[in-house]
Amino acid sequence: TLTPRWYEALELDVMLPDNLALAPDIVIDVWNHAWGASELLGQARYPIANVKEEWFNPKDSTTDPIWMTLNASGDFPESRIQLLIAFELVAEHKLDQFPFYSRIDPPTRSVDVELFVIGLRSTPNHQARMMECKPILEVRYDTQMTEEPEYEYISKYPPEDSGSAGGHFDWMLQIPFQLDLPKNPLYQSFLHVKLVDQGGYVGSLIGHTFIHLTPDIPWLEEQSKDKQDVSKQCRQQFRWKSAEEVQHERILATLKVWRGEGTEAPAANLAAAEPEEEANGEVIDAEAIEIREELKAMEEEFDGVQERKIDLKNAGEFNVIVHPADTFENIFSQEKAKEIFGNMDIAPDRADEDCAEFLNFEWSPVDDEEEQCRPELPNGLEVDLPPDQLPYSSVPVLGPGEDGQPVTVGFLKFKLAMVATKNRKKVWPEGTDPFKELKASLAQREELICRCYVLNAHALLPRGGAKTCNSYIFVRNSPDPNTGSGSHYIKDVHNVRENSLSPDYGKCIPVDCQFPVNSVLTVAIMEKSGVSDQVIGETSIDVEDRWFHPLFQKMLAESASNHKLFPIETRPLRQEGSFLTQGLLRVWFEIMNMKTHQQWPIEQLVSADPEPFQLRLVIWQVKEVIKPEGEDSIHIQVKCCWQYSAEHIEAQETDVHYGSADGLGRFNWRMIFDILNPHPFPSIKVQLMSVNTFAAADTVAECTIDLQHDMAKAKRTKNTMANEKCWVKLTHPSAPGKVRGMVELELKILPDDDARANPVGQGREYDRDHPNTDPFCDPDDNSAPCYMVKHRNYLANTAAGQMAKDVAEGAQKFAMLSMILTTLGSAGSFLVVVFMYLATR
């Protein structure tokens, strides 16, 4: 048995110091005696100073037995042994006052137990193996605690027509018991269920599980509030966990100690003679050191993949994607960024609290009502569907894995009913079936359709740690593509997303679903390769649990008027047997019958294929531009850059506003970029340039505007995304947070069809086919205080130009004077000649 009950009292004579704080702890070992050998399962310690004189006192609840969790040994690292134990410490002269009682078994009451076993649902990775099995159920409960325990033991052969259906089993077995259960809910009772294969190798163990009886005892409501609280605590404490959950908890405990948050060594190898001791005095055994080295190796491996940033120092944040904030840190503060980008985390080492806050930059679609948003969850929907509201219960079935370690082979679904008996006589009303409603609900199963809307994936981690990969979707609810009729096994190999670790899929894949054959739906992301495709990660949902959950049925009923009630789920992608996340998948599921499927049209998702769009950016004016050191004015130019690829960047520039002494400048200049949407670099950089006469221009300030959200919305709505004029603050890396200039701009993102139907001119130019409109960029704007037309002239607005003008004017005057003197000199010579001629006469 895995749930032994001893009810045994031992008495030992000990010598202790007067100061019990100096006394050694009580050590409790649990051993496994099998095949003539003894193996240590676990160990616990209890301070002897905490022991009272009497272990059971009805007037003192602190004397109740306690449940202790034992530290697992190195040979059984996955075990989580809990032991109910009590102690008494009585001085020798008080032995008559506190006599020793060897009979410590608790009082019991008789109950009738009806166990209705619905069936077994295999995990996706074990469906193929389970298709070859013919299991029978062995259910037992130990009824008497003696040296040779007796058991209430039942073997049930499922009906001949309830064989494997796609690796799942539907049994509908009703098994009665008459048991004596402890009255006190502190004492736990279980049914032990074994699944034995009667197919291939007769008698081989498929797996086993436990059904917890204590939370359903019929007299629980009669107990005191303290006893009820104990029962609620025990329901969670003694929940039978899957192998993956146990492994996850073990790693988290190791991480906690590794980070120095705990003093208790995890999974200690208690048989080790000399555990290592660290500098801080913490004792860590060899296995814990090995796990820590593995985690360090994982961290180094993840650090090598730049696209995926995981903080391994907090295992609870494995599923959090950290997004760099450098693409929009100059536009709005970190708080504003979180408000706009929702659950997307901003890397704290990249965000600056002093960043210029984004001003008046609110997007809205042109002539389009605000679209109705679909709710989005940071986890799977099952987290918000309490399992205790299901009409049945389920427990994991653990079986032996290939390496000898326990694995979860499936889940046993059942319903439990209890009623107290009096004098060993049944008090269940005649003709009453406690499972009547459940059986009727299960009998009304019909063919369903499950629509799987796969939106995108984030931070995929392909095998080998590659920085890019080609991926596609693989959806299945059957291990065999030839099982049954309809669509159950779909590989979307014709829609491979290339060279991306965060690909957009935008696919709706409907699959046929019928219980129990297609109870579990798995969505996997596959890596396309030349040799053989590999699974990057996968996620699974229990379609049956969702369909029968009352909250889901309520959501389905309300969705008749609003189809957007099914939320988008962010689900972790994992590989078999691992708790490490290989990426996140954004997806939502719609489950409905065939009639509803025909009435509800499939929602058209935005295609992930790039489509042509046009980005129109109008630079109106600038202000508060910092002048170069030692200069009285600055020649201002605005430059905008769009990155088409890693090698190709297109830069467009306005004309130059010369000689700005007050940091003002006006341009009225339109820039046009033909872009693809979606785009790997969805941002545009705006720079303020200081133009030099005899050298290259210097960058005064800059900012990067992230357009990913707005481009996605423009693509989804097929509408123009526009905004009113707004001022954007610009900074410089040399002075983070200090505003060095502001630009008034206007942005539009247009579908290519709209752009061709309404063309505009670039800059301030216009012609018959490209008018200066929407908006009009006035080329003759000479209004105060910028005087755009006046400041277009280089000579009139620069010192060098003024000097050249003065020199030119002086040269012109000198030339005129020379011509006059030359003319006067020629006239004087003529007069002299005439005078001489007359004199000779």
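What comes next concerns the included structure.

Conventions adopted
Residues numbered from 1 in each chain as written. Predicted model: local features only at pLDDT ≥ 70, side-chain atom pairs only at ≥ 80, totals over all residues. Heavy atoms only, no water. Buried < 20%, exposed > 50% of the residue type's maximum accessible area, 1.4 Å probe, protein only. Helix = DSSP H or I, 4+ residues; strand = E, 2+ residues; numbered from the N terminus. Pairing = 2+ DSSP bridges.

Focus on the pairing of strand β19 (residues 406-420)
Where burial is concerned, most of β19 is hidden: 11 out of the 15 residues are buried. In terms of strand pairing, strand β6 (residues 108-122) meets β19 through 11 bridges, oriented antiparallel. Bridge assignment links Val117 to a residue of β19, and that residue is Phe414. Of the strand pairs in this sheet, strand β18 (residues 393-400) and β19 are connected by eight bridges, and their pairing is antiparallel.

Re the sheet that holds strand β4 (residues 71-72)
The strands that make up a sheet are held in pairs by hydrogen bonds between backbone atoms, and each pair lies either parallel or antiparallel. Strand order in the open sheet made by the three strands is β1-β2-β4, with antiparallel pairing throughout. The sheet terminates laterally at β1 (26-34) and β4, the two strands that pair on one side only. The sheet contact formed by β1 and strand β2 (residues 37-46) spans nine bridges and is antiparallel. Paired with Ile26 across the bridge in β2 is Tyr46.

Examining unusual backbone geometry
Following Phe515, the chain continues to Pro516 via a peptide bond in cis, the omega torsion being 0°. Within the secondary structure, Pro516 is located in the loop between β23 (504-513) and β24 (520-527). Geometrically, the link from Asn677 to Pro678 is a cis peptide bond, its omega value of 5° lying close to zero. Secondary-structure assignment places Pro678 in the loop between β32 (665-677) and β33 (683-690). Positive phi outside glycine occurs at Met172, with the angle close to 55°. Note that Met172 resides in strand β9 (residues 169-182).

Description of the sheet that holds strand β20 (residues 448-458)
As summarised here, the arrangement of the five strands in space is β17-β26-β27-β20-β23, forming an open sheet in which the pairing is mixed. In this open sheet, the two strands that pair with only one neighbour each are β17 (376-377) and β23. The pairing of β17 with strand β26 (residues 568-572) spans two bridges and is classified as parallel. Residue pairing for β26: Glu376 is matched across the bridge by Ile568.

Nothing here speaks to function; it is geometry throughout.
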